[in-house]
Amino acid sequence: MSKTPVIAVDGGAASGKSSTSRRLAARFNLMHVDTGSHYRAVTFALVQAGVSPHDTATIESALAHLKLGEEIDGQSARISIGGKVPREEDIRSDAVNAAVSPFAAVPAVRRFLFDYQRSQAAVAERSGFSGLIMEGRDIGSVIFPDAPLRFFLEADEATRAARRAKEGQTDSIAERDRIDSSRKTAPLVCPEGARRVDTSHLTLDQVVDLLAGEIEQATGLAPAQA
Ligand code: DC
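Note that this is a predicted model, so its numbers are computed, not measured.

Procedures and definitions
- Residues numbered from 1 in each chain as written.
- Predicted model: local features only at pLDDT ≥ 70, side-chain atom pairs only at ≥ 80, totals over all residues.
- Heavy atoms only, no water.
- Helix = DSSP H or I, 4+ residues; strand = E, 2+ residues; numbered from the N terminus.
- Buried < 20%, exposed > 50% of the residue type's maximum accessible area, 1.4 Å probe, protein only.
- Contact = heavy atoms within 4.5 Å.
- Axes fitted to C-alpha atoms, helices over the stretch in contact; angles between N-to-C directions.
- Parallel < 35°, antiparallel > 145°, perpendicular 65-115°, else oblique.
- Left-handed = near helix turned anticlockwise from the far one by under 90°.
- Nonpolar A, V, L, I, M, F, W, Y, C, P; charged D, E, K, R; others polar.
- Near = heavy atom within 4 Å.
- Polar contact = N/O pair within 3.5 Å; in protein donor to acceptor, adjacent residues only side chain to side chain.
- Areas by Shrake-Rupley, 256 points an atom, 1.4 Å probe, with all protein chains shown as cover.
- 1 Å grid on protein atoms, 1.4 Å probe; cavity = no way out; pocket = protein on both sides within 12 Å on 5 of 7 lines; lining within 4 Å.
- Sits in = over half its atoms within 2 Å of the grid points.

(A) Molecular detail of the overall build of the protein chain. Helix and strand counts for the protein chain come out as 10 helices and seven strands. Along the first, second and third principal axes, the C-alpha atoms of the protein chain reach 45 × 40 × 30 Å. Looking at the protein chain residue by residue over its 226 residues, the buried ones come to 50%. For the protein chain, long-range pairs separated by at least 24 residues make up 79% of all intrachain contacts whose partners lie at least 6 apart in sequence.

In structure tokens, the structure reads:
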């Protein structure tokens, strides 16, 4: 088991977890992993293979053919499938936006990514990072329930819609959050003992500073940059 410090950051779509995690990664020399991109990459591969989220048997056999790896890109580790990192425009396409929550609700898909996501702590360690910061929906509840620090970010719906529009995205975050929160396996919830932070009325700098203070206190990590 890797001893590298792990910071878990969970929250709904557009809660601010990506921007915050990236900034914290740079500040503390942490390896950043966006697990939403894992579900998106696997969804893209399954959609391309013509698999439906309702066809569990076919999903399991299709997953058996997907070989996962990672490439370090600056501060982030990006998932690769069959030795290739899928393109951003492919994993953020309308087709993937529409299919990712239904696929992420399938237990076989979550099982498939569990070991891979846990293995990223060792990847961070051997790649020379001071720790791992992993963002998603179930990182503090399922993947690293034992992490020294687990954050749960939230923001009101109007703030989240405005943030998405600013990023030029138009997908239905409310609908995705509804599916993600109501699924049976690893639903989006604030894990017990996690630090809940409402980012609606905070700037990105304020959220980053708030979390950075807690990271220093809980892990003893020192900022690599201000
Ligand atoms: O963060 P995102 O919007 O890129 O995530 C895409 C989808 O993946 C989202 O609808 C829920 C799912 N997801 C999940 O179920 N568990 C995670 N740890 C991360 C994402």
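(B) How the structure looks around the packing of helix α5 (residues 94-104) against helix α9 (residues 173-182). The N-to-C vectors of α5 and α9 enclose an angle of 15°; their axes lie 9 Å apart at closest approach. Compared by their axis directions, α5 and α9 come out roughly parallel. When the axes of α5 and α9 are compared, the crossing they make is left-handed. Contacts between α5 and α9 involve Asn97, Val100, Ser101 and Pro102 on the former and, on the latter, Arg176, Ile179 and Asp180. Tallied by class, the residues present in the contact of α5 with α9 amount to three nonpolar, two polar and two charged.

(C) Region of interest: the site of the ligand. In the region of the ligand, 18 residues are neighbours, and Arg40, Ser101, Arg110, Arg176 and Arg183 sit closest. Interatomic distance of 2.8 Å between a side-chain N/O atom of Ser101 and an oxygen atom of the ligand. A distance of 2.8 Å is found between an oxygen atom of the ligand and a side-chain nitrogen or oxygen belonging to Arg110. When the ligand sits alone it has 450 Å² of accessible area, and the protein chains cover 97% of it. If you map the ligand onto the pockets, it falls in the largest pocket. For the shell around the ligand, the secondary structure elements donating two or more residues are α2 (35-48), α5 and α9.

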